[in-house]
Amino acid sequence: MEGEVIGTGPYRATKLWNETIKLFRGGMPLRRHWANFRYYEGTFTGSEALDYLHELLRSNYNFGPEVTRYQTLQLLRKFFKAHVIEDVKGRHGTEDFEDNSHLYRFPTMSPLKSLPTRPSWRDSSDLPRLIRWDDYEELPLKENVAPQKSAVLTSDLWNKRHSVAIGDVHECKLIRRREVTSKQVDHIWKSMTVTHLQRVLGLKTLEGILNPVHVNGKHIVHNIFSVNKTGIVVLENKAEDMPYWVISAMKCLANWPDGSDAKQPLYPGFERDVLRTVADYYQRLKEPLLTYHLYEVFVNILSLLQEQDKATEALQVSCLLLPPPNRRRLQLLLRLMDRVCHNLRLPPLNDAIATRTLMVQMFSHCVLGSPDDMDLDELLATKLVTFMMEHHNAVFQVNTRLRCQVEEHLSHLKRAQVSSSVRCV
């Protein structure tokens with residue numbers, strides 16, 4: 001059962017949760033099972049549920065073939081705690097769902113989540129208004145002063161002559177734009193970035209997806225301009241940076257075997273210990289790198305992955321919204337994952353799992369996660385992180401179209417303007 005394709009829009013994560021439950025309840029084969037000296041009608045074993053749901057998720061457009069059996073087991077455990085399923089004695093959530101012959105059934109009550117009431121941000125002062133050219137100040141006019149000829153054509157005089165010549169406007173009021181402050185620059189980047197993101201997602205509004213109050217213009221400006229020659233964010237406050245030993249471990253693994261220090265004890269399995277060191281740091285972060293506030297934004301981007309160019313553009317814009325320390329950690333992590341996956345000289349990092357699968361499973365929940373325990377974040381994170389790892393160079397490029405639009409707007413604001421509505425008597 002492929003089910004409905006859940007496109008972009010508010011509360012996509014909740015809609016995906018509900019859609020998955022509908023497909024599971026509607027398609028799971030129910031049989032008569034014998035247990036505890038009696039028959040139970042309309043039931044299924046843990047293993048049967050795991051087999052069915054795993055294939056359902058792998059064939060579903062919203063998730064895809066990357067879904068593992070273990071991830072499916074984790075989802076069934078969430079379903080058990082959320083009372084999507086129960087055991088034949090009516091119990092749920094008191095113990096873990098297991099891949100065995102234990103019997104389960106669907107409860108009669110509806111387990112679907114209700115969609116939250118959409119907040120109204122449209123009239124809120126938090127919505128970023130784009131600064132316009134007519135936020136101006138008037139130039140004082142000097143009376144009874146004879147004009148003086150000058151060999152140098154000043155910018156004010158050029159603008160005055162140009163405006164009169166082109167627009168046939170009376171020379172009564174010349175308007176000059178106030179100096180654009182750094183705070184206004186931050187605000188313009190915020191406003192135009194949010195607008196660009198909305199357009200890429202193909203939505204009329206970002207209500208229920210992104211609250212503008214959680215967008216910081218300073219973060220955007222820092223992520224664009226405070227970078228090194230390879231495009232990695234540079235932090236002003238070194239206390240916010242990753243510990244030296246983590247960066248050292250990442251360099252060692254990324255450049256293996258050339259990146260290992262000769263003083264380090266190289267022993268069988270050393271590279272696995274280095275990987276565990278890196279994983280331990282990322283897994284202890286208080287919040288996923290893409291943050292809880294931006295969770296719905298990135299869940300919406302997942303619906304665009306079939307259109308690689310559009311998905312890449314959406315990720316370019318969305319990753320600008322991250323706090324600079326998060327963006328830096330994410331850049332270094334995805335670059336490491338990609339290098340490890342393509343390093344043929346690196347020994348296997350796990351005896352049972354391929355390196356690519358291991359890297360995605362190990363770090364995906366460090367990148368994307370939901371504040372709600374009852375969510376599909378593990379499945380969604382796997383799909384998103386796989387795409388971001390494979391296209392990390394493009395994802396962290398500053399979107400050219402957005403940058404040109406902002407720079408044009410800033411340039412326009414810095415030019416003198418003439419108020420065409422003012423006429424001399």
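Criteria and thresholds
Residues numbered from 1 in each chain as written. Predicted model: local features only at pLDDT ≥ 70, side-chain atom pairs only at ≥ 80, totals over all residues. Heavy atoms only, no water. Patch = residues over 30% accessible without salt bridge, like charges linked within 9 Å, V, L, I, M, F, W, Y side chains within 5 Å. Areas by Shrake-Rupley, 256 points an atom, 1.4 Å probe, with all protein chains shown as cover. Salt bridge = Lys/Arg side-chain N within 4 Å of Asp/Glu carboxyl O. Helix = DSSP H or I, 4+ residues; strand = E, 2+ residues; numbered from the N terminus. Pairing = 2+ DSSP bridges. Contact = heavy atoms within 4.5 Å. Axes fitted to C-alpha atoms, helices over the stretch in contact; angles between N-to-C directions. Buried < 20%, exposed > 50% of the residue type's maximum accessible area, 1.4 Å probe, protein only. Core = buried A, V, L, I, M, F, W, Y, C linked by side-chain atoms within 4.5 Å.

Caption draft 1: Broad picture of a nonpolar patch on the surface. On the surface, Trp34, Phe37 and Tyr39 cluster together into a nonpolar patch covering about 450 Å² of accessible area. Positionally, phenylalanine 37 belongs in the loop between strand S1 (31-35) and strand S2 (38-45).

Caption draft 2: Spatial organisation of the pairing of S2. Pairing analysis gives 4 bridges linking S1 to S2, with the strands arranged antiparallel. In the sheet register, tryptophan 34 faces S2, and the bridge partner there is tyrosine 39. Connecting S1 to the antiparallel partner S2 that follows it, the hairpin turn spans 2 residues, and asparagine 36 within it adopts a positive phi of roughly 55 degrees. For S2 and strand S4 (residues 103-105), the ladder comprises 2 bridges, and the chain directions are antiparallel. Bridging across to S4, threonine 45 finds its partner in leucine 103.

Caption draft 3: Quick peek at the sheet that holds strand S3 (residues 86-87). Reading across the sheet, the 4 strands line up as S1-S2-S4-S3 and stay open at both edges, with antiparallel pairing between neighbours. Across the chains shown, the open sheet's two edge strands, defined by having one partner strand only, are S1 and S3. Of the strands in this sheet, S1, S2 and S4 are in contact with helix H2 (residues 46-58), which crosses S2 at around 25 degrees.

Caption draft 4: Quick look at the pattern of salt bridges. Counted under the stated rule, the structure contains 20 salt bridges. In this structure, glutamate 313 and arginine 401 form a salt bridge, with 3.3 Å as the shortest nitrogen-oxygen distance. One end of the pair, glutamate 313, is in helix H10 (residues 308-319); the other, arginine 401, is in helix H15 (residues 400-413), and 88 residues separate them in sequence. For glutamate 313, a relative accessible area of 13% gives the class buried. With its nearest N and O atoms 3.2 Å apart, the salt bridge here joins arginine 403 to glutamate 407. In this pair, arginine 403 and glutamate 407 are both assigned in helix H15, 4 residues apart and thus about one turn of the helix distant. Via salt bridges that share partners, Asp51, Arg69 and Asp99 belong to a single interconnected network.

Caption draft 5: The nonpolar core, seen in detail. Ranked by size, the top nonpolar core spans 111 residues in total, and within it Phe24, Phe79, Ile85, Tyr282 and Phe363 carry the most contacts. The element contributing the most residues to this core is helix H13 (residues 377-390), with 8 residues. Not counting residues up to four positions away in its chain, the partners in contact with phenylalanine 24 are Ala49, Tyr52, Leu53, Leu56, Leu76, Phe79, Ile85 and Phe106.

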